[in-house]
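Structure at a glance
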Amino acid sequence: MILIRYRGGVPGTMRLLLFAVIGGFLYGYLTSLIPSPHDPAIFWVANFASPWLVLAFFAGRWHRAALWAVVGGVLADFFSVTGFYLHFLFIPDAENAHASWLSQLLNALPGWISFAAPWFVVGVLGGTVYGFVGRWSRQAPALAVAVLALPFLLEPWIWPIFHTRQGPWTIWLAEIAVGIALLGWAVIRARRRPYSPS
């Protein structure tokens, strides 16, 4: 019985984790291709944090086991960061222009890791929390979606505190609208289905 479960369960789990890796990487890479505004006072939509947490949420929801849900969430966000900052790894180095591409890559790797390290840490933390929240949504969908709505509602107020790029407010209003819609769905769902701890 253990062998049957191993053959049937683990490969399925590995496929889901692979989907999290590929999906996270593609999201990060594609959002990095969004042109950034020339005006430093305008917010770059590629910097939205809430969609990264949505990725972790769904990566966690795919799994029945809480451990794999957390792993899936972490992988989704970790590889989102990897995909987003990947192009910084291949910036031409004028001083080593005659070196092989592999040599240039190895020389650039430590600096790239140091540059992206804070976001890797944030990705791991966010992926851990929202991977678990995704798994939790199987038992308490309304509460989990309410937690998912929080970044959409809070980010427009938190971002301007730490960054100079603050506008236009239409971008933030759109994110708040998504958060309100999620919160409204959670309220409706809570009225229809009571919380089940099992």
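Everything here concerns the structure above.
Reference entry: report on the structure contained in this document.

**Concerning the nonpolar core**
Membership of the largest hydrophobic core is limited to eleven residues, which are W44, A46, W52, V81, F84, Y85, L89, L105, W112, A116 and F120. When near neighbours in sequence (up to four residues on either side) are disregarded, L105 contacts L89 and F90. In this structure, A56, F57, L148 and F152 belong to the second largest nonpolar core, which totals nine residues.

**A few points about the side chain of H63**
Along the chain, the position of H63 falls in the loop between α2 (50-61) and α3 (66-85). Among residues more than four places away in sequence, those in contact with H63 are T13, L16, L17, W68, A69, R135 and R138.

**Topic: the packing of helix α5 (residues 141-162) against helix α6 (residues 169-192)**
Contact pair α5 / α6: the axes reach a minimum separation of 8 Å and the direction vectors enclose 160°. Looking at the two axes, α5 sits roughly antiparallel to α6. Here the hand of the crossing between α5 and α6 comes out left-handed. By residue class, the composition of the contact of α5 with α6 is 22 nonpolar, one polar and three charged.

The rules behind each value
- Residues numbered from 1 in each chain as written.
- Predicted model: local features only at pLDDT ≥ 70, side-chain atom pairs only at ≥ 80, totals over all residues.
- Heavy atoms only, no water.
- Core = buried A, V, L, I, M, F, W, Y, C linked by side-chain atoms within 4.5 Å.
- Buried < 20%, exposed > 50% of the residue type's maximum accessible area, 1.4 Å probe, protein only.
- Contact = heavy atoms within 4.5 Å.
- Helix = DSSP H or I, 4+ residues; strand = E, 2+ residues; numbered from the N terminus.
- Axes fitted to C-alpha atoms, helices over the stretch in contact; angles between N-to-C directions.
- Parallel < 35°, antiparallel > 145°, perpendicular 65-115°, else oblique.
- Left-handed = near helix turned anticlockwise from the far one by under 90°.
- Nonpolar A, V, L, I, M, F, W, Y, C, P; charged D, E, K, R; others polar.

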